[in-house]
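These are the residues of each chain, in order.
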Amino acid sequence: MDKSLFSVLKDARVVAIVCNQWGDTGKGKIVNYLAKEWADVVARGNGGNNAGHTVVLNNEEVILHLIPCGIFNPDVYNIIGPGTVIDPFVLLEEINTLKNKGVKVDKLRVSGYASVITPLHIVADCYNKKIGTTGRGVGPAYRDRAGRNNIRINDLMNPDVLKERLSRLRDSYSFDPESLERISGHPAVGRFITQGKICLEAIIENLIEVGKEIGPFVCDASKEMYEFFKNGKRIVVEGAQGLLLGIEEGTYPYVTSSCCSALHVVAGAGLPANLGNDLKVFGVVKFPVMTRVGNGPMPTEIGTEANDRSYKEEQNYDLNGLKEKALSGDQNSLRVFLRLKGKEYGATTGRPRRIGWIDLVALRYAVRMNGPNIILTKIDCCPLPAINICDKYIYQGIGTWSNGKAYSQGGIIRNFPTDSYVLKNCIGSFEKRPWYKNSLRGIRDYEGFPQEVRNTLNEIEEKTGCNVVLISNGPNEEDIIVK
Ligand code: IMP
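First, a word on what this report is: a plain description of the structure on this page. Keep in mind it's a predicted model, so treat the numbers as computed, not measured.

**Digging into the nonpolar core**
Alright, step 1. Grouped together as the largest cluster of nonpolar side chains are 56 residues, with contacts concentrated most on Leu 338, Trp 357, Tyr 393 and Ile 471.
Alright, step 2. A per-element tally of this core places helix α14 (residues 360-370) first, with seven residues.
Alright, step 3. Setting aside its immediate chain neighbours within four residues, Leu 338 contacts Val 289, Ile 302, Glu 344, Ile 355, Trp 357, Cys 381, Cys 382 and Leu 384.
Alright, step 4. Within the second largest apolar cluster, 53 residues are counted, among which are Ile 67, Ile 95, Ala 141 and Ile 193.

Below you can see the structure in the form of structure tokens.
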């Protein structure tokens, strides 16, 4: 595997691993693998602690939301770049958790120019019900950054600047006492609310304290990244969320607040523009079942959200019974069956993920944006004799207009529209393909896949112009197959 992986990477010096769907495609495992076998540096360039990946360390699960997973390799530098938003309390907690588990953190670096998620942002995010955010304050922090009103990590080390800027930020918010009282038990912000009021002094005091602890990790990330690159270090950039959740590229307004395309996350990590052929991008695609968390259109969705329960509840369901019902056509049983098979529950929020069939319309768009190289993941999580693929949508709704194109009832759509008022009326048109009724897990080379599976993979390459490079066929690193 190592030799093959290196042959895939050829002489790339910067490898960007980004998600080509709505997040949660299993980037972490690929990045983890590269961090162990290939990289000198792992960097993040977008998002905040709305992301999350689980790593098993000495038989114990560790969930990291901010710190790149290169941290588990003591020789690898881990950079949190200027394009991110950082909740300093979460960062400190992660640093301490890692230290307590004996993980060395001396090669962690945090950009002083990254924006801060303050408790004010988390409070503001608590009231956002429309998008179904992770509630971590990410959107409000980016909004204040764009409004030139937020504080940055460097400000934590400059109490006078911090006080002035935070007071100004506070003045831009008006929280009503009743709502504040309602969230006074919130684990991250409750301690800053007293008698229906935000206690700014307590926030400032705590931020100064946390600043002292994270100060030693702060650096000029773009300078460091430039030096790494110039000195021939091998760099992995890990994108957070996914292309279809990008504020610029995704299904607006049902998106996160950072840009999620490969070029954006590479820039957000602090890397320069002249990477040329030294940059290789891999888009991660869950196949043949994809997911979405939070609200917003999903044209290939299976079943309805009315059926969603927490993992605690759903794990006790009878899988065989669900499968039987699914095979007889019950879409909600299929939804839950596939969710359980793929353990599709959020690492950050624990929310059950919405389930859908592979969407080639969206994949064509992602290939256009992030380039042709694709890593398929979770291919082992769909033990069914047949799958559905969606190569086009049928427009069903009131006529509308977007990007110079009119949409009308019954129209066929092959080019992904990111306007949610268009996409919500796009109904996936499915074609059945034979699959494999048992799990594919255990197959360790491409030739070992059943012919039907290989035919379908070839077909999606043809239909989208993608080039499947790696296939992840199970939870372990040995399950990563080179096509
Ligand atoms: P926010 O990023 O918390 O503002 O949430 C905005 C939207 O992005 C919501 O629909 C979230 O569920 C979704 N989202 C944010 N982070 C992730 C992620 O890491 N995986 C999947 N969805 C995410």
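Once you've had a look at it, read on.
**A word on the site of the ligand**
Alright, step 1. The full set close to the ligand counts 15 residues, and Asp 24, Asn 50, Thr 134, Thr 256 and Arg 351 are the nearest of them.
Alright, step 2. A distance of 3.5 Å is found between an oxygen atom of the ligand and a backbone nitrogen or oxygen belonging to Gly 132.
Alright, step 3. Between the ligand and the protein, one listed contact pairs an oxygen atom with a side-chain N or O atom of Thr 134 at 2.6 Å.
Alright, step 4. Counted by class, the shell around the ligand contains six nonpolar, seven polar and two charged residues.

**Observations regarding the sheet that holds strand β11 (residues 218-219)**
Alright, step 1. Taking strand neighbours across the sheet as the criterion, the ten strands line up as β11-β7-β5-β2-β12-β1-β13-β16-β22-β23 in an open arrangement whose pairing is mixed. At either end of the open sheet lies a strand with only one pairing partner, and these are β11 and β23 (480-482).
Alright, step 2. Note: strand β22 (residues 467-472) against β23, three bridges, orientation antiparallel. Each bridged residue has a counterpart across the sheet, and for Ile 471 the counterpart in β23 is Ile 481.
Alright, step 3. Of the strands in this sheet, β1 (14-19), β2 (41-44), β5 (77-80), β7 (108-111), β11 and β12 (235-238) are in contact with helix α9 (residues 221-230), which crosses β5 at around 140°.

**A closer look at the pairing of strand β17 (residues 384-395)**
Alright, step 1. Examined bridge by bridge, strand β15 (residues 354-359) and β17 share two bridges and lie parallel to one another. For Ile 358, the partnering residue across the bridge sits in β17 and is Ile 389.
Alright, step 2. Where β17 meets strand β21 (residues 426-436), ten bridges bridge the pair, whose relative direction is antiparallel. Bridged to Ala 386 within β21 is Pro 434.
Alright, step 3. As defined by bridge partners, β17 adjoins strand β20 (residues 412-413) across two bridges and the pair is classed as antiparallel. Among the inter-strand pairings, Ile 394 is bridged to a residue of β20, identified as Ile 412.

**What about the packing of helix α6 (residues 159-171) against helix α8 (residues 200-214)?**
Alright, step 1. Axis separation between α6 and α8 bottoms out at 11 Å; the angle between their running directions is 140°. For α6 against α8, the interelement crossing comes out right-handed. Taking contact as the criterion, the partners of Pro 159, Leu 162, Lys 163, Leu 166, Ser 167 and Arg 170 in α6 are, on α8, Leu 200, Ile 203, Ile 204, Leu 207 and Ile 208.
Alright, step 2. For the contact of α6 with α8, the per-class residue count stands at eight nonpolar, one polar and two charged.

**A closer look at the side chain of Glu 238**
Alright, step 1. Relative to the elements of secondary structure, Glu 238 occurs in strand β12.
Alright, step 2. Here Glu 238 occupies a buried position and makes no salt bridge, while the nearest side chain of opposite charge, Arg 44, is found at 5.6 Å.
Alright, step 3. Beyond its immediate stretch of four places on either side in the chain, Glu 238 contacts Ile 17, Gly 28, Val 31, Val 42, Ala 43, Arg 44, Gly 45, Asn 46, His 53, Pro 68 and Cys 69.

**Structural notes on the pattern of salt bridges**
A side chain of one charge can pair with a side chain of the opposite charge if their charged atoms are brought near each other.
Alright, step 1. Tallying each qualifying case throughout the model produces 27 salt bridges.
Alright, step 2. Between Asp 106 and Lys 107 there is a salt bridge, and its shortest N-O distance comes to 3.9 Å.
Alright, step 3. Its relative accessible area of 47% is what places Asp 106 among the partly exposed residues.
Alright, step 4. One salt bridge connects Asp 308 with Arg 339, and the closest N-O pair in it is separated by 2.8 Å. Remark: Arg 339 occurs in helix α13 (residues 331-341) and Asp 308 occurs in the loop between β14 (289-292) and α11 (311-314); sequence separation between them is 31 residues.
Alright, step 5. Looking at Asp 308, the relative accessible area reads 16%, which means it is buried.
Alright, step 6. Overall, the relative accessible area of 0% leaves Arg 339 in the buried class.
Alright, step 7. Here the residues in one salt-bridge network are Glu 301, Glu 305, Asp 308, Glu 314, Arg 335, Arg 339 and Arg 354, joined through shared partners.

**Remarks on unusual backbone geometry**
Alright, step 1. Of the consecutive residues Tyr 252 and Pro 253, the connecting peptide bond is found in the cis state with omega at 5°.
Alright, step 2. Within the secondary structure layout, Pro 253 lies in the loop between β12 and α10 (262-268).
Alright, step 3. The linkage connecting Phe 287 with the following residue, Pro 288, adopts the cis geometry, with an omega of 0°.
Alright, step 4. Backbone geometry at Gln 195 places phi at a positive 45°, although glycine is not the residue there.
Alright, step 5. Mapped onto the elements of the fold, Gln 195 is located in the loop between β9 (193-194) and β10 (197-198).
Alright, step 6. For Gln 195, a relative accessible area of 80% puts it in the exposed group.

**Let's talk about the environment of Ile 358**
Alright, step 1. Mapped onto the elements of the fold, Ile 358 is located in strand β15.
Alright, step 2. A relative accessible area of 0% places Ile 358 in the buried class.
Alright, step 3. Each C-alpha atom of the pair Ile 358 and Ala 326 lies 17 Å from the other, and the pair is 32 residues apart in sequence.
Alright, step 4. Residues contacting Ile 358, with those up to four places away along its chain left out, are Gln 21, Val 285, Lys 286, Phe 287, Pro 288, Met 290, Thr 300, Asn 388, Ile 389 and Cys 390.

Criteria and cut-off values
Residues numbered from 1 in each chain as written. Predicted model: local features only at pLDDT ≥ 70, side-chain atom pairs only at ≥ 80, totals over all residues. Heavy atoms only, no water. Core = buried A, V, L, I, M, F, W, Y, C linked by side-chain atoms within 4.5 Å. Buried < 20%, exposed > 50% of the residue type's maximum accessible area, 1.4 Å probe, protein only. Helix = DSSP H or I, 4+ residues; strand = E, 2+ residues; numbered from the N terminus. Contact = heavy atoms within 4.5 Å. Near = heavy atom within 4 Å. Polar contact = N/O pair within 3.5 Å; in protein donor to acceptor, adjacent residues only side chain to side chain. Nonpolar A, V, L, I, M, F, W, Y, C, P; charged D, E, K, R; others polar. Pairing = 2+ DSSP bridges. Axes fitted to C-alpha atoms, helices over the stretch in contact; angles between N-to-C directions. Left-handed = near helix turned anticlockwise from the far one by under 90°. Lys, Arg positive; Asp, Glu negative; His and termini not counted. Salt bridge = Lys/Arg side-chain N within 4 Å of Asp/Glu carboxyl O.

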